[in-house]
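# Survey of secondary and tertiary structure
For reference, the chains in residue letters:
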Amino acid sequence: MSKPRTHEGSVWRLWDFHCHTPASYHWKGQKLRGLADADREQLVAQTVSAMAKATPDVFVTMDYWTFDGYLAITEYEKAHPGALAGKVIFPGIELRVESSLDRRLNVHLVLDPEVSPQTLKDVLAVLKINLKDSDRSLSDECLIQHSRELGPDRLAKGSFDAEKVAADEEYALEVGWQTAMVTQESLREVLKRMGDRGLLLMPWDTYGGLSDIDWVAHYAEVRRFRASADIFECKNEGNRLAFHGIKDTLNEKYFDSFWDSLDKKARLCVRGTDAHSFANYGVFPSNMKTWIKTEPTFQGLRHAIKEPVFRSYIGDVPPKKAFVDANGRLFMDRLQISTKTDIKTDEKWFSGTDLKLNPDLVAIIGNKGSGKSGLAEVLALAGNSKAHDFFTFLVDNRFKSGNGHRAGAFEAKLTWCNGDVGQVTLDQQAKADQPERVRYISQTYFEELCEDHIAGKSDRFSTEIRKVLFSHLDQADRGSHQNLDEYLAAKEQPAQERIESYRQTLRKVNAQLAELERQSGAAHENELKEKLASKKLELGDLQAKKPTEVPKPADADATAPSAESQRLAAIAQELAQLEAATTAADTARRELVERRTTLSSVGQRLSAFEQQATKTNEELLAELQKANVTFQHVLKVETQRVAIQEILSATESELGNLAAAQLDYAAKNQALVAERTQLQEQLDQPNRLYQEYMIQLTAWDKAVKTLIGAADETETMAFYEARLTELAQLPGRCKVLEDEQDKLVKDIHAELMVIAESRRPLFAVVEELVGGVPGVATELKVEFQSGLFFDRQAFVEQFFSLVKQNTGGFRGDDEGPAKLVALLRGIDFNDAESLAKGLRDIRATITAGAEQPGAALLSILRTKVTAEQLYEQLFNLKQVEAKFSLSLAGTTIQQMSPGQRGALLLIFYLLVDTDLTPLILDQPEENLDNQTVYSMLVPIIQRAKERRQIVMVTHNANLAVCCDAEQIIHAEFDRSDQFALAYASGAIESSELNRLVLDVLEGTTPAFDNRRDKYFH
């Protein structure tokens, strides 16, 4: 007997592979043998009731030498449908087999419940016991004959009564049960005749098993039994791991030879209750329960034998089942789609869909246009996925189009394993205020995510990586930070502050360089020359206007000077002294004003620094307070601002004194000039004219000296001559500033590298996860990376918003950007020297060929753009960031094909992402070759489904079959039947679904056979 196909596919069920019934001669209690009519009916009913109440879902009856117990149970179930409460019973038989070993060797046959009672009788007929005259088919008569042919010595050895054996058939039968052995030839013949409807189960380290046999003495026979057995009953964990091909400290001493003897093919290991009473039904020794993830059919069992590592578990509860039971909110249980009651439509579409969903891997298959993606998108919508932008079916120009907007006519109800129910109409979108309960990812999403990452259009890719890295971060390290950005911002704040400090210094250097380059231009030189020439013309005018000499009167020395003359001479001397004092005061005042400006600037900056230090101290104390560390202060700054303020005050006082003195000088000068005027009027004409000449000459001489001036006096000839002389030094001064720019670029780069390097330890946990999957770390070399990412597109766009393309070294709408991109590609952004040199080359290319590169820059910049703005864009490295990325076999994501990028992201989502919500994948194999799918995606998906529910739309047999999907959903679309979508579901081992998988994914049996026959094996 067999249970019909389970629509939810393969799920964990408890199997008892070694259960006895009252038909077994070792049964502890009333036995079936000899009972008739009502008594027999009552005992069988008791047996069925005990099985219905026991915990196992599947029982394999293992009575010695007989199928009578199994047949009685199945007959009762037919007469009383439902009596077994859905439990499934397999026919089995426990035997002893002849061997050259020095101990008994038990064997068990497990047979297909679909075989007829006659087939079971045929099995007994094929099994032979060696008697004196010939072999005889297994039967009660055969067993009695066997016991009576035993010699006295053999009976005595077993403490059997020879006389009773000869006289009592029931006693003789019991002796036969305990001593008989079937021949190896007949056992092999039974397995041959049963073909794929019979299995051999051998005890290994349980009663009557192979493990205690001397391998050296009986190597060939032991190996033959081990190779022929399909299932082993095994209680030791190290042995079970060895049978599964898993090397561990429990079996490392013998694993290699053990695994080689199995031809490196995993075997299914089980444990049974070996129950001989109703009370022991479901009571497994040491709670070592056998769980098999399959349909409760013989074909399902055969499938589990092919995938024993993933399909079997011995213990209390399989981890995934326990997790599902405890976290039902994370697993979808049932999807129902129907037409809304208040809407009339002739189109069927999804109406009537009712799917019980498997909590592990669900593969949706079907021909093109059969509604596979549509079903996936309905699940995503019902699970409130916010990836609607990546839908291809539930969109306006497809299912949401048409008369009456057909999508609004259907509603989906999604029930979760914890009983939650979500209901949506198919024309809706995700609820923004509700969380996503499923994660929907299509190949389009993969491709766009990678493309945007490469092009710099979006930071979603890095955001996804940051979310996963933060989820793996130790809780103690996370602290109160809500995400990785907050965590990194706190950790990297010192480096970011240093970077900002370097950028502030760079701005000053940029301004200085821009000014020097402006001065190095011909226009500036011409301006200086023009002003110098103007001053020379002014000097010529002065020289032409030099007062005409008036001779000193001849009698001025001959006679004693008059009182007026003497006073005028004294006034001239006093005025000269006042002029000298005024000049000295002007010089002193100029020096004091410069000192005051410097002192004031330094004082203000020190004040700002003290305020910043106070603020920083408060912030640091607050951070330490969170860590329960208290200080009065952690930052104490000592400056000379007070002393500077004192000097500034003294300087202000000196300036006040000078101002007062200058007022005094001016008043004295005014009084002396007035007095001189009065005295001159009293002189005779010759002396008066002479005095006037001397006054004019003094004023002229002062004007000449003022015009010539000194190098530090603006608007003088000496000033302009000095500036012209300094022009020759400008290239050298520019070079010094350019070197300073390069140094600051390297300084900023060094800090960015510090940030990138400091993030690498974050990868330790996820790299360990990747390393745990064979092939992913070794063959594919998947690596997480923290490095510097350059946003080339943003840089190019910003660059040409500043620089003209009709002149200069980057002229041309196409040629200019191409040249810039070529220069950028030549830069190794992880190498400071390469970066600084590359940026300097770009700057040189802007004005390539110009005689005066610095001065030529201004004519190449766009209107209202300054050189400072260009240098800010070029050297502040704002387009260079420390970011997270992935690589595959040393190939960066920028260099990968679309398929490789999609595969890399699949690794990320399936293997590393700690999000446990259901994952819905639409054709993850797109753009991937089959070898990559098999070698990479298969082991990763197998690993991922151990902890989360995965629904996968696929056309690839490697994914559905090699990943051992627990549930297959086959989609069909019948346009002629009012656009009906139909979904058939079940386990891959179900004959119906198995055929559909073969037809859809392999192209039918003839196509599969044709390909297989053409390969060399």
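Residues numbered from 1 in each chain as written. Predicted model: local features only at pLDDT ≥ 70, side-chain atom pairs only at ≥ 80, totals over all residues. Heavy atoms only, no water.

Along the protein chain, the regular secondary structure elements total 38 helices and 26 strands. For a compact globule of 1017 residues, the expected C-alpha radius of gyration is about 31 Å, and the protein chain comes in at 50 Å, more than 25% above that figure. Referenced to the eigenvectors of the C-alpha coordinate spread, the extents of the protein chain come out at roughly 190 × 70 × 55 Å. Looking at the protein chain as a whole, 47% of its 1017 residues are labelled buried. (Helix = DSSP H or I, 4+ residues; strand = E, 2+ residues; numbered from the N terminus. Rg over C-alpha atoms; globule rule 2.2 N^0.38 Å. Buried < 20%, exposed > 50% of the residue type's maximum accessible area, 1.4 Å probe, protein only.)

Attention shifts here to the side chain of Thr61. Topologically, Thr61 is positioned in strand 2 (residues 58–61). Leaving out residues up to four positions away in the same chain, Thr61 has contacts with Cys19, Thr21, Met51, Tyr70, Ile89, Phe90, Pro91, Gly92 and Ile93. (Contact = heavy atoms within 4.5 Å.)

Turning to the sheet that holds strand 16 (residues 361–366), a few remarks are in order. Sheet strands associate in pairs through backbone hydrogen bonding, adopting either a parallel or an antiparallel arrangement. Strand order across the open sheet formed by six strands is 19-23-24-16-25-26, with mixed pairing between neighbours. Across the chains shown, the open sheet's two edge strands, defined by having one partner strand only, are strand 19 (439–442) and strand 26 (980–986). With strand direction ignored, the average angle separating the axes of adjacent strands in the sheet is 15 degrees. Two elements, strand 23 (residues 919–922) and strand 24 (residues 950–953), share four bridges in a ladder whose sense is parallel. Counterpart to Leu921 in the pairing with strand 24 is Met952. (Pairing = 2+ DSSP bridges. Axes fitted to C-alpha atoms, helices over the stretch in contact; angles between N-to-C directions.)

Now for the nonpolar core. In this structure, Phe350, Phe399, Leu426, Leu910 and Ile968 are the most contacted members of the largest nonpolar core, which totals 93 residues. It is helix 34 (residues 898–912) that provides the largest number of residues to this core, a total of nine residues. Setting aside residues no more than four positions away along its own chain, Ile968 makes contact with Ala363, Ile365, Ala960, Ala984, Ser985, Gly986, Ile988, Leu993 and Val997. Among the nonpolar cores identified, the runner-up in size contains 76 residues, and Met51, Leu71, Leu105 and Val107 belong to it. (Core = buried A, V, L, I, M, F, W, Y, C linked by side-chain atoms within 4.5 Å.)

Looking now at unusual backbone geometry. Phi at Lys264 is positive, roughly 55 degrees, even though this residue is not glycine. Within the secondary structure, Lys264 is located in the loop between helix 11 (255–261) and strand 11 (268–270). A relative accessible area of 54% means that Lys264 is categorised as exposed. For Ser286, which is not a glycine, the phi torsion comes out positive at approximately 55 degrees. Along the chain, Ser286 turns up in the loop between strand 11 and strand 12 (290–294). Under the relative-accessibility criterion, Ser286 is labelled exposed at 69%.

If you walk through the whole model with that rule in mind, you get 44 salt bridges. Among the ionic pairs, Glu170 bridges to Arg33, the shortest N-O distance being 3.1 Å. Within this pair, whereas Glu170 is found in helix 7 (residues 169–179), its partner Arg33 is found in the loop between strand 1 (11–19) and helix 1 (37–53), the two being separated by 137 residues in sequence. The exposure class assigned to Glu170 is partly exposed, which follows from its relative accessible area of 44%. (Salt bridge = Lys/Arg side-chain N within 4 Å of Asp/Glu carboxyl O.)

Across all of its chains, the model carries three cavities of 30 Å³ or more by this definition. In this structure, the largest cavity occupies an estimated 50 Å³ of space. Along the walls of the largest cavity sit Phe790, Phe795, Leu824, Phe829, Leu835, Leu839, Gln873, Leu874, Leu877, Gln879 and Val880, which together make up its complete lining. Of all elements in the fold, only helix 31 (832–846) and helix 33 (867–875) reach the threshold of two or more residues within the lining of the largest cavity. (1 Å grid on protein atoms, 1.4 Å probe; cavity = no way out; pocket = protein on both sides within 12 Å on 5 of 7 lines; lining within 4 Å. Points joined across faces, edges and corners; volume = space filled by probe spheres on them.)

Neither face of strand 2 is left uncovered, since the one carrying Val58 and Val60 and the one carrying Phe59 and Thr61 both have all their residues buried. Relative to strand 2, strand 1 runs parallel, the two being bridged by three bridges. Pairing of Trp15 across the sheet is with Val58, part of strand 2. With helix 1 bridging strand 1 and the parallel strand 2, this β-α-β connection has right-handed handedness. Two strands pair when backbone bridges link them, and strand 2 and strand 4 (residues 88–90) are joined in this way by three bridges, in the parallel orientation. Opposite Phe59, over in strand 4, you have Ile89 as the bridge partner. (Right-handed = clockwise from strand over helix to strand, strands pointing away.)

A few words now on the packing of aromatic side chains. One pass over the full model with this rule turns up 36 aromatic pairs. Plain terms: the ring middles of Phe350 and Tyr983 are 6.5 Å apart, the flat faces sit at 10 degrees to each other, and that makes the pair stacked. You can see Phe350 sitting in the loop between strand 14 (332–339) and strand 15 (353–356) and its partner Tyr983 sitting in strand 26, a full 633 residues away along the chain. Neither Phe350 nor Tyr983 differs from the other in exposure class; each is buried. Each ring, one from Phe393 and one from Phe399, has its centre 5.1 Å from the other, and the planes form 20 degrees; the classification is stacked. On the accessibility criterion, Phe393 (11% relative accessible area) is buried. Looking at Phe399, the relative accessible area reads 1%, which means it is buried. Looking at Arg437, its charged tip hangs above the ring of Trp416, at a distance of 4.1 Å from the centre. (Phe/Tyr/Trp six-rings, centres within 6.5 Å; stacked < 30°, edge-to-face > 60°. Lys NZ or Arg CZ within 6 Å of the ring centre and 35° of its normal.)

What follows covers a negative patch on the surface. Together, Glu497, Glu618, Glu619 and Glu623 make up a region of like negative charge exposed at the surface. The element best represented in the negative patch is helix 23 (residues 563–626), accounting for three residues. Within the element layout of this structure, Glu497 appears in helix 20 (residues 493–519). Here Glu497 falls in the partly exposed class, since its relative accessible area comes to 47%. (Patch = residues over 30% accessible without salt bridge, like charges linked within 9 Å, V, L, I, M, F, W, Y side chains within 5 Å. Areas by Shrake-Rupley, 256 points an atom, 1.4 Å probe, with all protein chains shown as cover. Lys, Arg positive; Asp, Glu negative; His and termini not counted. Charge placed at Lys NZ, Arg CZ, Asp CG, Glu CD.)

A word on the sheet that holds strand 11. Spatially, six strands are ordered 3-5-6-9-10-11 in an open sheet, and the strand pairing comes out mixed. Single-partner strands in this sheet number two, and they are strand 3 (63–64) and strand 11. Both strand 5 (residues 92–96) and strand 6 (residues 106–111) contribute to a ladder of five bridges, which runs antiparallel. Its bridge partner being in strand 6, Arg96 is matched across the sheet by Asn106.

Together, Phe609, Leu620, Val629, Phe631, Val634, Leu635 and Val637 make up an exposed nonpolar region whose accessible area comes to about 530 Å². Along the polypeptide, Leu620 turns up in helix 23.

What follows deals with the environment of Asp196. Within the fold, Asp196 resides in the loop between helix 8 (184–194) and strand 9 (198–203). Assessed through its relative accessible area of 48%, Asp196 is described here as partly exposed. The residues touching Asp196, leaving out its near neighbours within four places in the chain, are Phe298 and Arg302.

The buried fraction of helix 15 (residues 372–382) amounts to eleven of the eleven residues, a majority that puts the element mostly inside the structure. Among the residues of helix 15, those classed as buried are Lys372, Ser373, Gly374, Leu375, Ala376, Glu377, Val378, Leu379, Ala380, Leu381 and Ala382. Following helix 15 by one or two positions, Asn384 adopts a phi angle in the positive range, close to 60 degrees.

Time to look at helix 24 (residues 641–681). Between its terminal C-alpha atoms helix 24 stretches 59 Å, which fits the 60 Å expected from 41 residues at 1.5 Å a residue. Buried within helix 24 are the following residues: Ile644, Leu648, Thr651, Leu655, Leu658, Gln662, Leu672, Arg676, Leu679 and Gln680. (Expected span 1.5 Å × (residues − 1).)

It is the contact of helix 21 (residues 522–544) with helix 25 (residues 685–708), at a shortest axis distance of 10 Å, that shows an interaxial angle of 170 degrees. Relative to helix 25, the element helix 21 is oriented roughly antiparallel. At the point where helix 21 passes helix 25, the crossing takes the left-handed sense. Across the interface between the two elements, Lys535, Glu538, Leu539, Leu542 and Gln543 of helix 21 pack against Trp700, Ala703, Val704 and Leu707 of helix 25. (Parallel < 35°, antiparallel > 145°, perpendicular 65-115°, else oblique. Left-handed = near helix turned anticlockwise from the far one by under 90°.)

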